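# Architecture and fold: a report
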Amino acid sequence: MEEITYKKSLFGLSQLEALEKGKAHRQRLIQLVTRISTSNVGEKYPHHYIFSPPGLGKTFTVMNHLKNTGVRFIQVSGNVSMFAFGIQLAVINYYNPSHEKVVIFLDDCDEIFKTDANCNTMKNVLDGNRQFTYEKSLASQWKNLSDIQKEAIQYFREDGTMGFKVPTDNMVFVFASNFKLPVDDDVKTARDHGQARSGLLAHKNAIRSRCHVADFDINWQEHWGWIADVALNTNCLDHYGIDPDDIQIILDFMWNHWYHLTERSIRTIEKMADMMRDYPDKYKLFWEIDYLKN
């Protein structure tokens, strides 16, 4: 790759410098995953919340490196109701009777922090009594559950109660989101201005206080550098079906048109590579049609 001429942006940062910064951010995430894999469920704050702009491959990076550490982990959906989330936890612990440590990875976790009630439930999941509690009647949902789910709920259901309680003291939670949790100053500003959402911000800030939080609040050049680092360290022929030099053409296109792109992600590179391979004479025209704003 020595022959590549790295271009400078309007702000003077070269592609090479952006690549190095993006790589450094990715290494921070990898180091974070290593810490997660070695964390002890007995620690006061074993849980993590990871924020970054969309398209950086957080899920791929976390999942891939957790696999390499050998830690037991399970990916569950965070874009569900609290009832469905509790069902997932019940099934996990029902089939983990020894209550060994398990890392629960939630991608797209915004739904479970959507309301005051949800946040209060999650506070107890992460800290305090460390259990998930669902106190409503199960009658209306029961017929929609699988036999495995019913069996798990019955195991964690106390006689004479409507809902169920699942212990979470053996679980380390890792949340990944495209939305930042508010810091103390955000809550204060909202309260000072009498904003209606200040209460929910306070609850989300309380979630932040119960986790180690990694905010990858990066600029566009570092964002480009992050996805460029992924692309350049992937076997181009096997994964993309094109040569490394062709990958650089894609990265140059994204660099030069960043603010006009409709998509800015690792998947964008994959789709642009497909066009380059399938339409070798017209791929730039199709890029402009599909990936640039009118």
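The preceding data block contains the structure.
Described in the following lines is the structure provided in the data block. It should be emphasised that the depicted structure is a prediction, and the values quoted were computed from it without experimental measurement.

Rules of the game
- Residues numbered from 1 in each chain as written.
- Predicted model: local features only at pLDDT ≥ 70, side-chain atom pairs only at ≥ 80, totals over all residues.
- Heavy atoms only, no water.
- Buried < 20%, exposed > 50% of the residue type's maximum accessible area, 1.4 Å probe, protein only.
- Helix = DSSP H or I, 4+ residues; strand = E, 2+ residues; numbered from the N terminus.
- Pairing = 2+ DSSP bridges.
- Disulfide = S-S within 2.5 Å.
- Core = buried A, V, L, I, M, F, W, Y, C linked by side-chain atoms within 4.5 Å.
- Contact = heavy atoms within 4.5 Å.

### So, the pairing of strand β4 (residues 131-134)
Here β4 shows a buried face lined by Phe132 and Tyr134 and an unburied face lined by Gln131 and Thr133. Two strands pair when backbone bridges link them, and β4 and strand β5 (residues 164-167) are joined in this way by 4 bridges, in the antiparallel orientation. Of the residues in β5, the one forming a bridge with Thr133 is Lys165.

### Here we look at the state of the cysteines
According to the stated counting rule, one finds 0 disulfides in the structure shown. Just so you know, Cys211 is unpaired, no disulfide at all, and the nearest cysteine sulfur is the one on Cys109, 9.1 Å from it. The exposure class assigned to Cys211 is buried, which follows from its relative accessible area of 9%.

### Some thoughts on the nonpolar core
By size, the foremost hydrophobic cluster in this structure holds 50 residues, and its most contacted members are Trp224, Ile247, Ile250, Met254, Ile269 and Trp287. Elements with a minimum of two residues in this core: α1 (15-38), α2 (58-69), β3 (102-107), β6 (171-177), α9 (220-232), α11 (244-256), α12 (266-278) and α13 (283-291). Those residues in contact with Trp287, other than ones at most four positions away along the chain, are Ile249, Ile250, Phe253, Met272, Met275, Met276 and Leu292. In this structure, Leu106, Leu145, Phe156 and Val166 belong to the second largest nonpolar core, which totals 36 residues.

### Let's talk about the environment of Val166
Tracing the sequence through the fold places Val166 in strand β5. Between the alpha carbons of Val166 and Gln131 there is a distance of 5.4 Å; along the sequence they are 35 residues apart.

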